[in-house]
Amino acid sequence: MAVDDGRVEHEHWRGAIALKLVLHPDEVTTVPPPDPLFVLAPRLGYLPQVSQQALEQFGGALPPGANEPWFEYRGVPLKWHLPTGALYDLLSDGEYPWKLTIHFRAYPRDVLQPVRGSVEETLQATYLNSLKEAAYVLTGNSNAVMSLSKKSQQELLQNVLEAQQVEFHQNMQKMDLTKPLKARVPVRIYAREKVFDSFTGWKSIDYASKSLHIEGESSGDSQDHLSVKHVLQHSLSNVSDGDLESVKVVVAGVEIDLDSNLAEVYAYLKNADLWLYVTVILKPKRTSAAAGTG
């Protein structure tokens, strides 16, 4: 059955994650505490974009001090520079709505990237840096992104944060990035085996950033494209062929078959920063002791 390119992209852009935000108890100064905030966060956007709504909900309960919003899941600060959809696919185990704790005090600068200036300024710098890196992979340089006017840069970010698909493509047409010139695609791979919590945290996440030839590598067989399985085999040092037998691979909320053509997956499900975010959930390895029990 033929794939409707426009419908796939439309659904990709309209994707959102239902969040249940709760203010951390240490920052609550009222009795009773404020109610949770339920909000839809665009998959292609970033968590800090909902911080203003959260401040309106929780501001009256906060202690004195400067507001520096950050998010926590299972006791671990969340890396806000990753797209919200990628974070959800990697960490949530399907929890819906996704219950996150929000803080406005004690920003963990030793763990998270700092917020410089306003939230909007920080998000714009983060998004454009990621877009420039993708442009370099796709075309060999980042000149197209760097040549954008400040107005176009601001519009592009708003298109992403507000899931404005049509306007986004209109702004992207100012840059010739839609057709790779080097037959490469930028891919970021995140693999998790253990439960994500305060004991495992980010150190339990295996990460690889790749610039991949989309036509694949010749190996003497009939392979004429680069498969997702091939990418994982050659990108993640801790993943064996045996591990791949029970692995779950998710891109933009969609579970992907290991034999899928990476170029097609990229074409349909790349993020708005032109990176493909691949989440790999591994089945926990059995210890030798557990393996020997009946």
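Residues numbered from 1 in each chain as written. Predicted model: local features only at pLDDT ≥ 70, side-chain atom pairs only at ≥ 80, totals over all residues. Heavy atoms only, no water.

Chemist: Mind showing me how you'd approach the environment of Val39 here?
Modeler: Tracing the sequence through the fold places Val39 in strand E2 (residues 37-42). Taking the relative accessible area as the measure of exposure, Val39 reaches 9% and is therefore buried. Separated by 15 residues in the primary sequence, Val39 and Ala54 place their C-alpha atoms 9.0 Å from one another. Setting aside residues no more than four positions away along its own chain, Val39 makes contact with Ile17, Ala18, Leu19, Leu21, Val50 and Gln53. (Helix = DSSP H or I, 4+ residues; strand = E, 2+ residues; numbered from the N terminus. Buried < 20%, exposed > 50% of the residue type's maximum accessible area, 1.4 Å probe, protein only. Contact = heavy atoms within 4.5 Å.)

Chemist: Looking at this structure, how should I read the pattern of salt bridges?
Modeler: Between side chains of opposite charge, a pair can form when the charged atoms approach closely. In total, this model carries 9 salt bridges according to the counting rule given. Of the charged contacts in the structure, one is a salt bridge between Arg74 and Asp93, with a shortest N-O distance of 3.5 Å. With Arg74 in the loop between strand E3 (70-73) and strand E4 (76-77) and Asp93 in the loop between helix H3 (84-91) and strand E5 (98-103), this pair connects stretches of sequence that are 19 residues apart. Judged by relative accessible area, Asp93 falls into the partly exposed class, the value being 48%. One network of salt bridges, with partners in common, ties together Arg7, Glu11 and Arg14. (Salt bridge = Lys/Arg side-chain N within 4 Å of Asp/Glu carboxyl O.)

Chemist: What is the right way to read the packing of aromatic side chains from this model?
Modeler: Following the criterion strictly, the structure yields 6 aromatic pairs and no others. With 6.3 Å between their ring centres and 80 degrees between their planes, Tyr88 and Tyr96 make a pair best called edge-to-face. Both rings, one in Phe196 and one in Trp202, keep their centres 5.3 Å apart while their planes meet at 70 degrees; by these two values the pair is edge-to-face. Across this residue pair, the class does not change: Phe196 and Trp202 are buried. Over the face of the ring belonging to Trp275 we find Arg188, whose NZ or CZ atom lies 3.8 Å from the ring centre. (Phe/Tyr/Trp six-rings, centres within 6.5 Å; stacked < 30°, edge-to-face > 60°. Lys NZ or Arg CZ within 6 Å of the ring centre and 35° of its normal.)

Chemist: Sorry, what's going on with the confidence of the model for the chain here?
Modeler: Fine structural detail should not be taken from predicted coordinates in areas where pLDDT scores are low. Looking at the chain as a whole, the pLDDT averages 88, with 89% of positions reaching at least 70. For residues 287-294, every residue scores under 50 in pLDDT, and the model assigns this stretch 1 contact once sequence neighbours within four places are set aside. (pLDDT = per-residue confidence, 0-100.)

Chemist: Is there a simple way to think about the sheet that holds E2 in this case?
Modeler: The strands making up a sheet associate through hydrogen bonds between their backbones, and the pairing can be parallel or antiparallel. On the basis of which strands lie adjacent, the open sheet formed by 5 strands has the order E2-E1-E5-E3-E4 and mixed pairing. Two strands lie at the open edges of the sheet, namely E2 and E4, each paired on one side alone. The strands touched by helix H2 (residues 51-58) within the sheet are strand E1 (16-23), E2 and E5, with E2 carrying the most contacts at an inclination of about 175 degrees. (Pairing = 2+ DSSP bridges. Axes fitted to C-alpha atoms, helices over the stretch in contact; angles between N-to-C directions.)

Chemist: What am I meant to see in the side chain of Glu72 here?
Modeler: Along the polypeptide, Glu72 turns up in strand E3. Within the structure, the side chain of Glu72 is placed 2.7 Å from the side chain of His103, a separation counted as a polar contact. Not counting residues up to four positions away in its chain, the partners in contact with Glu72 are His24, Pro77, Leu78, Leu100, Thr101 and His103. (Polar contact = N/O pair within 3.5 Å; in protein donor to acceptor, adjacent residues only side chain to side chain.)

Chemist: What is the right way to read the environment of Gly140 from this model?
Modeler: Looking at where Gly140 falls in the secondary structure, it is placed in the loop between helix H4 (119-139) and helix H5 (143-146). Gly140 gets classed as partly exposed once you look at its relative accessible area, which sits at 29%. Between the alpha carbons of Gly140 and Arg184 there is a distance of 9.7 Å; along the sequence they are 44 residues apart.

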